[in-house]
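Structure at a glance
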There are 2 protein chains.
Amino acid sequence: MKRSIRIASMLQDLSGRPSVLFKLQDFCDKYAISKATASEDVSFAAQALSESNQGEIITITGPSGGVKFVPTISPFEAEIIQKMFCERLNDPGRILGGGFLYTSDIMYDVAFVRDLARIFVTKFKDLESNYVVTVETKGIPLASMVAYMLNLPLVIIRREPKFSEGSTVSINYFSGPDQRVQKMSIAKRAVTYGTKAIVIDDFMRGGGSIKGIWEILEEFDIDAVATGLAIVSATPEMKKIDSYMHLVTLNDVNDNSKSIDILPNVNIF
Amino acid sequence: MKRSIRIASMLQDLSGRPSVLFKLQDFCDKYAISKATASEDVSFAAQALSESNQGEIITITGPSGGVKFVPTISPFEAEIIQKMFCERLNDPGRILGGGFLYTSDIMYDVAFVRDLARIFVTKFKDLESNYVVTVETKGIPLASMVAYMLNLPLVIIRREPKFSEGSTVSINYFSGPDQRVQKMSIAKRAVTYGTKAIVIDDFMRGGGSIKGIWEILEEFDIDAVATGLAIVSATPEMKKIDSYMHLVTLNDVNDNSKSIDILPNVNIF
């Protein structure tokens, strides 16, 4: 097989399974090549990847080592994506009243969401986590992409316990401007005691929902090692949680003047 | 730049944006190469892709033509995935009673769901559709992957109208073994009158929910051009909808003997 075809093929093998560790021996067997050739091919693949700005190849040394593709993004490109996100959000047609914006079309534009996910992946890739957790519904495509890219199972917390979830653990928590009591429910089969989770959601205002997620995870002694949010409202200034990473800050939505003030979070990297 | 690096990089450009049409001129500009070279490079990229079994490059001729990556799957590989799906489902520990199985861990294993999605993509890629539509919650990662791969917006139908969805259209429909009245709600901003949709969901028993989706789409004069389901229950034999494509058939779940009878649908291709 022509070498250039083999290199491109190897890169596809890797990029089709983000964060999955491939042993060099796998490539030796598949393509009938020596370890030295496989290693050289991987370094060409890594160069091609950086040329295409689609991520990086990470080498793990040692007997249990290998190579894996991680779809990281450069700070420069992340800033472009964050600005694009702000531009799309900054449209008076989105204003719903009460300081809310219609964002579903963006949060369900999966190709775009994939780029948002890459920012979280870049930031969270070295955390030892067992799951990516979200609460239904609007953050699911984003959390789903992050889970895929980190090669972690996705856990979706439901608002109501469902029969199809088997036995569940539920909590009540306070959320929203009016501090309503809300419910969250997690399938017992979905998680293991004493593990770690990355929490992803599309939007945070006061932090009640995220605090709810942290609390329901605590019921299983699961540590929320990181929390990533697409949009965070600047108000209220005091959040119910103290540690999170977000892409853009919604400073103000003015229902009367039909203006939106939204800015990228420049302190990510 | 070394040619093998360029070919692998071009393939990454394409595979990072499934179903997006790239003009050859884009590659000529990016890599400073002639059209003849770009065209030859694309054909090498196509060979590499088929070597890696990750999909195909489709060429569209004519002045508005170009090339695009579509993550199709071969019938042979699809069968392997369908069998794997059956094996994972065929675990007595999943039996919840009432003929229900716990499936969330599989439907939220996004790397696996991506392979399921490729089967739908292979089948639906030539349909002229405007959206991929699902109803919350369990089918969202699957629908999300199909939408990404077909480069279509995802539309998520909610069970209850939410403030953040803006103005909505709701319907009542009958679903489940007890024919309960249920509700579905779709954001008016999410869709355009007179368009087409591909419907994706994780599970169908009698077809009430899918019929509900078809009906709510009809409110907008949207034609459901295809319906793809991961699992379909063999009973009841009479479904409320007549046209759908599914991956595996759940013939029986026996609560007493703790046995599951589930088989791949061999009539997909």
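Up top is the structure these notes are about.
A brief structural summary. (Residues numbered from 1 in each chain as written. Chains lettered and ligands numbered in written order. Predicted model: local features only at pLDDT ≥ 70, side-chain atom pairs only at ≥ 80, totals over all residues. Heavy atoms only, no water.)

When helices and strands are tallied, chain A shows 8 helices and 12 strands. Dimensions along the principal axes, computed over C-alpha positions, put chain A at roughly 65 × 45 × 30 Å. For chain A, with 269 residues in total, the buried portion stands at 57%. The long-range share in chain A, meaning contacts at least 24 apart out of those at least 6 apart in sequence, stands at 62%. Summed over its atoms, the accessible surface of chain A is roughly 11,100 Å², and 50% of this surface lies on carbon and sulfur atoms. (Helix = DSSP H or I, 4+ residues; strand = E, 2+ residues; numbered from the N terminus. Buried < 20%, exposed > 50% of the residue type's maximum accessible area, 1.4 Å probe, protein only. Contact = heavy atoms within 4.5 Å. Areas by Shrake-Rupley, 256 points an atom, 1.4 Å probe, with all protein chains shown as cover.)

Looking now at the sheet that holds strand β5 (residues 131–135) of chain B. Residue and element names in this part refer to chain B. One open sheet accounts for 6 strands, arranged β6-β5-β9-β10-β11-β12; its pairing is mixed. Each edge of the sheet is formed by a strand with only one pairing partner; in this case those strands are β6 (154–157) and β12 (259–264). Neighbour-to-neighbour, the strand axes of this sheet turn through a mean angle of 25°, independent of strand direction. Packed onto the sheet, helix α4 (residues 75–89) meets β10 (223–233), β11 (245–254) and β12 and runs at close to 170° relative to β12. (Pairing = 2+ DSSP bridges. Axes fitted to C-alpha atoms, helices over the stretch in contact; angles between N-to-C directions.)

With that settled, consider the interface of chain A and chain B. Taken together, the contact pairs 56 residues of chain A with 56 residues of chain B. Of the roughly 4,800 Å² buried at the junction of chain A and chain B (both faces included), carbon and sulfur atoms supply 60%. Put simply, chain A and chain B have 2 salt bridges between them. Note that B:Arg17 and A:Asp115 form a salt bridge whose closest N and O atoms lie 2.7 Å from each other. In this assembly, chain A and chain B are joined by 18 residue pairs in polar contact (both at pLDDT 80 or more). (Buried area = accessible area lost by both parts, 1.4 Å probe. Salt bridge = Lys/Arg side-chain N within 4 Å of Asp/Glu carboxyl O. Polar contact = N/O pair within 3.5 Å; in protein donor to acceptor, adjacent residues only side chain to side chain.)

Turning to the side chain of A:Ser209, a few remarks are in order. All names here are of chain A. Position of Ser 209 among the secondary structure elements: in helix α8 (residues 208–218). For Ser 209, a relative accessible area of 18% corresponds to the buried category. Not counting chain neighbours up to four residues away, the residues in contact with Ser 209 comprise Arg 159, Tyr 173, Ser 175 and Met 184.

Size it by volume and the second largest pocket reaches roughly 380 Å³. Forming the walls of the second largest pocket are 19 residues, and the residues nearest its centre are A:Ser52, A:Gln54, A:Glu77, A:Asp115 and B:Arg17. For the lining of the second largest pocket, the secondary-structure elements that each account for two or more residues are α4 (75–89) and α6 (110–124) of chain A together with α2 (24–31) of chain B. In terms of residue count, the dominant contributor to the lining of the second largest pocket is α4(A) (5 residues). Among the residues forming the lining of the second largest pocket, the class breakdown is 7 nonpolar, 3 polar and 9 charged. (1 Å grid on protein atoms, 1.4 Å probe; cavity = no way out; pocket = protein on both sides within 12 Å on 5 of 7 lines; lining within 4 Å. Points joined across faces, edges and corners; volume = space filled by probe spheres on them. Nonpolar A, V, L, I, M, F, W, Y, C, P; charged D, E, K, R; others polar.)

Of the two same-sequence chains, chain A is brought onto chain B (RMSD 0.0 Å, axial shift 0.0 Å) by a rotation of 180°. Here the two chains are linked by the operation of a two-fold rotation axis. Of the residues that chain A buries at the interface, 100% are likewise interface residues in chain B, meaning the two copies contact each other through the same surface. (Least-squares fit on C-alpha atoms with pLDDT ≥ 70 in both.)

Our next topic: empty space enclosed by the protein. Within the structure shown, the criterion is met by 2 cavities of 30 Å³ or more. Along the walls of the largest cavity sit 21 residues, with A:Ser15, A:Tyr148, B:Ser15, B:Arg114 and B:Tyr148 positioned nearest its centre. When residues of the lining of the largest cavity are traced back to their parent elements, those giving at least two are α1 (3–16) and α7 (140–150) of chain A together with α1 (3–15) and α7 (140–150) of chain B. Taken as a whole, the second largest cavity holds about 30 Å³ of empty space. Around the second largest cavity, the lining residues are A:Val110, A:Pro141, A:Ser144, A:Met145, B:Ser144 and B:Met145.

Judged by nonpolar contacts, the single largest core of 97 residues is most densely connected at A:Phe85, A:Leu142, A:Ile200, B:Phe85, B:Leu142 and B:Ile200. When near neighbours in sequence (up to four residues on either side) are disregarded, A:Phe85 contacts A:Ile106, A:Met107, A:Phe112, A:Leu116, A:Ala230, A:Ile231 and A:Val248. Counting residues in hydrophobic clusters, the runner-up holds 40 residues, among them A:Val42, A:Phe44, B:Leu49 and B:Phe69. (Core = buried A, V, L, I, M, F, W, Y, C linked by side-chain atoms within 4.5 Å.)

On to a nonpolar patch on the surface. The grouping of A:Phe76, A:Ile80 and A:Met84 at the surface amounts to a nonpolar patch, some 310 Å² of accessible area in total. If you trace the backbone, A:Ile80 turns up in helix α4. (Patch = residues over 30% accessible without salt bridge, like charges linked within 9 Å, V, L, I, M, F, W, Y side chains within 5 Å.)

Residue and element names in this part refer to chain A. Relative to strand β12 (residues 259–264), strand β11 (residues 245–254) runs antiparallel, the two sharing 6 bridges. Bridge assignment links Asp 252 to a residue of β12, and that residue is Asp 261. Adjacent in sequence and paired antiparallel, β11 and β12 are bridged by 4 residues, among which Lys 258 carries a positive phi angle near 55°.

So, about the packing of α1(A) against helix α3 (residues 35–52) of chain B. Across the interface, α1(A) lies against α3(B) with an axial gap of 8 Å and an inter-helix angle of 50°. In terms of orientation, α1(A) and α3(B) fall into the oblique class. Crossing angle aside, the handedness with which α1(A) passes α3(B) is right-handed. Judged by residue contacts, A:Ile5, A:Ala8, A:Ser9, A:Gln12 and A:Asp13 of α1(A) engage B:Phe44, B:Gln47, B:Ala48, B:Leu49, B:Glu51 and B:Ser52 from α3(B). Grouping the amino acids of the contact of α1(A) with α3(B) by side-chain chemistry returns 5 nonpolar, 4 polar and 2 charged. (Parallel < 35°, antiparallel > 145°, perpendicular 65-115°, else oblique. Left-handed = near helix turned anticlockwise from the far one by under 90°.)

With 14 residues, α1(A) ought to run about 20 Å at 1.5 Å a step, and its terminal C-alpha atoms sit 20 Å apart, in line with that. Among the 14 residues in α1(A), 13 count as buried, and that is most of the element. (Expected span 1.5 Å × (residues − 1).)

Below, the discussion takes up the environment of A:Ser164. Relative to the elements of secondary structure, A:Ser164 occurs in the loop between β6 (154–157) and β7 (168–175). Judged by relative accessible area, which is 16%, A:Ser164 ranks as buried. In the structure, A:Ser164 is positioned 23 residues away from A:Ala187 in sequence and 9.2 Å away in space, judged by C-alpha atoms. Among residues more than four places away in sequence, those in contact with A:Ser164 are B:Leu96, B:Leu101, B:Tyr102, B:Ser104 and B:Lys138.

Take the pattern of salt bridges next. Residue and element names in this part refer to chain A. For the structure shown, the criterion picks out 30 salt bridges over all chains. Of the charged contacts in the structure, one is a salt bridge between Arg 6 and Asp 41, with a shortest N-O distance of 2.6 Å. Here Asp 41 lies in helix α3 (residues 35–52) and Arg 6 lies in helix α1, a separation of 35 residues in the sequence. There is no split in this pair, since Arg 6 and Asp 41 are both buried. Through salt bridges with shared partners, one network takes in Arg 3, Arg 6, Glu 40 and Asp 41.

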